[in-house]
Amino acid sequence: MINIAKIREDFPILNRKVNGKPLIYFDNAATSQTPQRVIDEIVNYYSNYNANIHRGVHTLSQEATDLYEAARLKIQKHFNAKHSYEVILTSGTTHGINLVANGFSTLLHKGDEVLVSALEHHSNIVPWQMLCERTGATLKVIPMNEHGELIMSTYEELLSEQTKLVFVNHISNALGTINPIKQMIDMAHKVGAAILIDGAQSCPHIKPDVQELDVDFYVTSAHKMCGPTGVGMLYGKEEWLNKLPPYQGGGEMIDQVTFAKTTYAGLPHKFEAGTPNICGGIAFGAAVDYMNAIGFDAIASYEHKLLNYATKQLLKIDGLKIYGTAKEKTSVISFNIEGIHPYDIGTILDKMGIAVRTGHHCAQPIMDFFKIPGTVRASFAFYNTKEEIDALVKGVETAKMMLS
Amino acid sequence: MTISEIQEEIIDEFSMFDDWQERYQYMIDLGKSLPLIDSKYKTEDNIITGCQSKVWVHAEMKADKIEFTADSDAIITKGIIAILIRVFSNQHPKDIIEGNTEFIDAIGLKEHLSPTRANGLVSMIKKIKMYALAYQTQLN
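Source: prediction; values computed, not measured.

*Asks:* Even after reading the chapter, I still don't get the overall build of chain A, so can you show me in this structure?
*Replies:* A tally of regular secondary structure across chain A gives 14 helices and 17 strands. For chain A, the C-alpha radius of gyration of 22 Å lies close to 22 Å, the compact-globule estimate for 404 residues. Across its three principal directions, the C-alpha atoms of chain A cover 70 × 55 × 35 Å. Counting all 404 residues of chain A, 50% fall into the buried class. Within chain A, residue pairs in contact and separated by at least 24 positions form 70% of the contacts whose partners lie at least 6 positions apart.

Structure, rendered in structure tokens:
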């Protein structure tokens, strides 16, 4: 069970006012808010432990290294990776995707095919387009239906011996659809293809088990799950990470350097060139601890109630249409009101202290599918309340009245 | 009327409102009186970038003054551009180039002046001034 009053006390930002009104934060799919425990960890790091890691012989460096590596272990445990060195700390989901896409440019050839889902964020489309341009491989799209669900029969038809890679998000950022990734992973493996799951939207809601999923690559960002921005994770199976060449050259990722030849460090350091976001990594670990202390089952069940309540209440508004009506979806509602531009609704809501996202949500192909310029997106987290949803509904009604 | 006289007039009108809702409602109403752009000018070239909504602005020289027309698919954006056009349309290019936009702050729409704002007010002003600069160059 979620003790909502107690949880809200953990988030100092929820006490602030925006445009003179109490903040109602419904842009959680863009970034989540930060609990005091994570903020404390950041302050503690810079107050007591700030040093460069992995190299220093002095105490401070050793302590900072221990904290950073302890965070990696927490993240490993959370995602149930087999080895800690399969957890690469990145600057975020986009970094992780680019790292893998770059690595595959040495493994793909003309005639190979890569599959991407129609539900992807631009960050899980563009790197693969660039990869295909470099290698001559072909990019094919797994289509979706009008509910925003991937059409699995077409996915099956698209898979063949030519398919070398599949990439799909666990949850769509624009529509909230939860994709059947276990099934998709198994199907990809049947034809010998590797698969990358973009977990940026799932990690705040679901605790993925990468071994049980048998996924080849799983990427996410800390800031979507109560951590800081600028840090994230790439999980890769050891065999795949060994096959991929380093992404960036620099310090930390080397074993021996001479001007004639450099040999690379082992995992995970081969992919962690330069001084990492040390504080961010440690705070990421604290965020994982925080969310686990609340419990993902409790989070999922509470957010599901919020989603059902908001869906029901919003649909009472005449002319309101929800995009993304998948059977399996998370606490994201993308909507429009007939004849009103999403930007107008977002602007009016902002004046009432309600933060939503408007626009194409970096998923233009989805907007093209529905033939709309964008949507208003309200995304809920476990620290949101029913009362806040009531305020949103009232706000949308006011906006509709003003804008019609 | 000069640019600064029109700005004073708009400030006066907005000073009658007590809260944001009335101000926005008025702006939305102003949007409805926007001199609409001829559909043939709704081209990619005339779209102002930096806006979440689509905004088109067209300028034509009539005698020695510039006449602006515009449109947008969002109502608030239409209101914003309508205010700008009321200030800058039918003015000499030189006056448009030199005209300031501080009145935006005075009518309580300061938040829209941030260059990172997705409504592109700053881009709209820039576009209007670019047109004026281009016509001024022709006049010279």
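Picking up after the structure, the text goes on.
*Asks:* Sorry, what's going on with the interface of chain A and chain B here?
*Replies:* Quite often, the size of an interface is put as the accessible area lost when its parts meet. In this complex, chain A contributes 12 residues to the contact, which on the side of chain B involves 11 residues. Looking at the side of chain A that touches chain B, the elements with two or more residues in it are α12 (342-351), β16 (357-359) and α14 (386-403) of chain A. A total of five residues in the side of chain A that touches chain B trace back to one element, the largest contributor, which is α12(A). Looking at the side of chain A that touches chain B, its residues break down into five nonpolar, five polar and two charged.

*Asks:* I'm lost on helix α2 (residues 20-32) of chain B in this one. Help?
*Replies:* An α-helical segment advances 3.6 residues per turn. Residues three or four places apart therefore align on the same side. End to end, α2(B) covers 19 Å across 13 residues, agreeing with the expected 18 Å (1.5 Å per residue, within 8%). Along α2(B), the residues that are buried comprise Tyr24(B), Met27(B) and Gly31(B). Projection of α2(B) onto a plane perpendicular to its axis shows the buried side chains occupying an angular sector of 60 degrees, all on one side. Opposite the packed face of α2(B), turned more than 90 degrees from it, sit the exposed residues Glu22(B), Asp29(B) and Lys32(B). Check the buried side of α2(B) and you find it contacts α12 and α14 of chain A together with α3 (75-88) of chain B.

*Asks:* Could you clarify how one ought to interpret the sheet that holds strand β14 (residues 332-337) of chain A in this entry?
*Replies:* Across a sheet, paired strands are connected by hydrogen bonds in the backbone, their directions being either parallel or antiparallel. Residue and element names in this part refer to chain A. With respect to topology, four strands assemble into an open sheet ordered β13-β14-β17-β16, the strand pairing being antiparallel. Looking at strand neighbours, the two that pair on one side only are β13 (320-323) and β16, the edges of this open sheet. Across the sheet, the axes of successive neighbouring strands diverge by a mean angle of 30 degrees, strand direction being ignored. Its contacts with the sheet place helix α11 (residues 296-315) against β13, β14 and β17 (375-379), and it is angled at close to 145 degrees to β13. Against the sheet, α12 engages β14, β16 and β17, with an angle of about 155 degrees to β16.

*Asks:* Looking at this structure, I do not really get helix α5 (residues 126-135) of chain A. What am I missing?
*Replies:* Residues and elements named next belong to chain A. Restricting attention to buried positions, one finds in α5 the residues Pro-127, Trp-128, Leu-131 and Cys-132. Buried residues in α5, looked at end-on, bunch into an arc of 140 degrees, giving them a common side. For α5, the secondary structure elements touched by its buried residues are α4 (93-104), β5 (113-117), β6 (138-142) and β7 (163-169). Gly-136, located one to two residues past α5, shows a positive phi value of around 85 degrees.

*Asks:* What is the right way to look at the pairing of β5(A) in this model?
*Replies:* All names here are of chain A. Among the five residues of β5, five are classified as buried, and the element is accordingly described as predominantly covered. Of the two faces of β5, the one holding Glu-113, Leu-115 and Ser-117 and the one holding Val-114 and Val-116 are both buried throughout. Handedness of the crossover joining β5 and β6 through α5 is recorded here as right-handed. As paired strands, β5 and β7 are joined by four bridges and run parallel to one another. Bridging across to β7, Glu-113 finds its partner in Thr-163.

*Asks:* Please clarify how the packing of helix α1 (residues 3-15) of chain B against α3(B) should be interpreted in this entry.
*Replies:* For any two helices packed against each other, the geometry comes down to the angle between their axes and how far apart the axes lie. Residue and element names in this part refer to chain B. Where α1 meets α3, the closest approach of the two axes is 8 Å, and the angle between their N-to-C directions is 140 degrees. With respect to α3, the axis of α1 lies oblique. On α3, the residues touching Ile-3, Ile-6, Gln-7 and Ile-10 of α1 are Ile-83, Arg-86, Val-87 and Phe-88. Partitioning the contact of α1 with α3 into residue classes produces six nonpolar, one polar and one charged.

*Asks:* Honestly, the environment of Ile37(B) in this entry has me stumped. Any pointers?
*Replies:* Residue and element names in this part refer to chain B. Relative to the helices and strands, Ile-37 resides in the loop between α2 and β1 (55-62). Placed 22 residues apart in sequence, Ile-37 and Ala-59 show a C-alpha to C-alpha distance of 9.1 Å. Here Ile-37 is in contact with Lys-42, Trp-56, His-58, Thr-69, Ala-70 and Asp-71, once residues within four sequence places are set aside.

*Asks:* Would you take a moment to explain the nonpolar core for this structure?
*Replies:* Burial of nonpolar side chains together is a common tendency in soluble globular proteins. Ile195(A), Ala287(A), Val57(B) and Ile81(B) are the most contacted members of the largest nonpolar core, which totals 144 residues. For this core, the element with the highest residue contribution is α3(B), accounting for 10 residues. When residues of this core are assigned to domains, at least three map to each of domain 1 (4-27 + 296-403) and domain 2 (51-293) of chain A. When sequence neighbours within four positions are dropped, the list of residues in contact with Ile195(A) reads Val166(A), Phe167(A), Met184(A), Ile185(A), Ala188(A), Val215(A) and Asp216(A).

*Asks:* For this particular structure, what's the right way to read the domain arrangement of chain A?
*Replies:* Residues and elements named next belong to chain A. Examined at the domain level, chain A breaks down into domain 1 (4-27 + 296-403) and domain 2 (51-293). Here the C-alpha centroids of domain 1 and domain 2 sit 29 Å apart. With 21 residues of domain 1 in contact, the opposing surface of domain 2 contributes 23 residues. At the level of elements, α11, β14 and α13 (364-370) are the ones that each hand at least two residues to the side of domain 1 that touches domain 2. Examining the composition of the side of domain 1 that touches domain 2, we find that four residues originate from one element, α11, more than from any other.

*Asks:* Just checking my understanding: could you explain the sheet that holds strand β4 (residues 87-90) of chain A for this structure?
*Replies:* Residue and element names in this part refer to chain A. Judged by pairing direction, the sheet is mixed, and its seven strands sit side by side in the order β4-β10-β9-β8-β7-β5-β6 without closing on themselves. Single-partner strands in this sheet number two, and they are β4 and β6. Taken over all neighbouring pairs, the strand axes of this sheet differ in orientation by 20 degrees on average, direction set aside. Taken together, the five bridges between β7 and strand β8 (residues 194-198) define a ladder with parallel strand orientation. Paired with Val-166 across the bridge in β8 is Ile-195. Helix-sheet contacts for helix α3 (residues 59-79) involve β4, β9 (217-221) and β10 (232-236), and the interaxial angle to β4 is about 120 degrees. Contacts between α5 and the sheet are confined to β5, β6 and β7, with β6 contributing the most and set at about 145 degrees to the helix.

*Asks:* Help me understand the packing of α2(B) against α3(B), please; the structure alone is not making it clear to me.
*Replies:* All names here are of chain B. Contact geometry of α2 with α3 gives a least axis separation of 7 Å together with a crossing angle of 75 degrees. Judged by the inter-axis angle, α2 sits roughly perpendicular to α3. In this structure, α2 contributes Tyr-24, Met-27, Ile-28, Leu-30 and Gly-31 to the contact, and α3 contributes Ile-75, Ile-76, Lys-78, Gly-79, Ile-80, Ala-82 and Ile-83. Split into classes, the residues belonging to the contact of α2 with α3 amount to nine nonpolar, two polar and one charged.

Criteria and thresholds
- Residues numbered from 1 in each chain as written.
- Chains lettered and ligands numbered in written order.
- Predicted model: local features only at pLDDT ≥ 70, side-chain atom pairs only at ≥ 80, totals over all residues.
- Helix = DSSP H or I, 4+ residues; strand = E, 2+ residues; numbered from the N terminus.
- Rg over C-alpha atoms; globule rule 2.2 N^0.38 Å.
- Buried ≥ 20, exposed ≤ 12 C-beta atoms within 10 Å, placed from the backbone.
- Contact = placed C-beta atoms within 7 Å.
- Nonpolar A, V, L, I, M, F, W, Y, C, P; charged D, E, K, R; others polar.
- Expected span 1.5 Å × (residues − 1).
- Arc of directions from axis to C-beta.
- Pairing = 2+ DSSP bridges.
- Axes fitted to C-alpha atoms, helices over the stretch in contact; angles between N-to-C directions.
- Right-handed = clockwise from strand over helix to strand, strands pointing away.
- Parallel < 35°, antiparallel > 145°, perpendicular 65-115°, else oblique.
- Core = buried A, V, L, I, M, F, W, Y, C linked by C-beta atoms within 7 Å.
- Domains from an automatic or database assignment.

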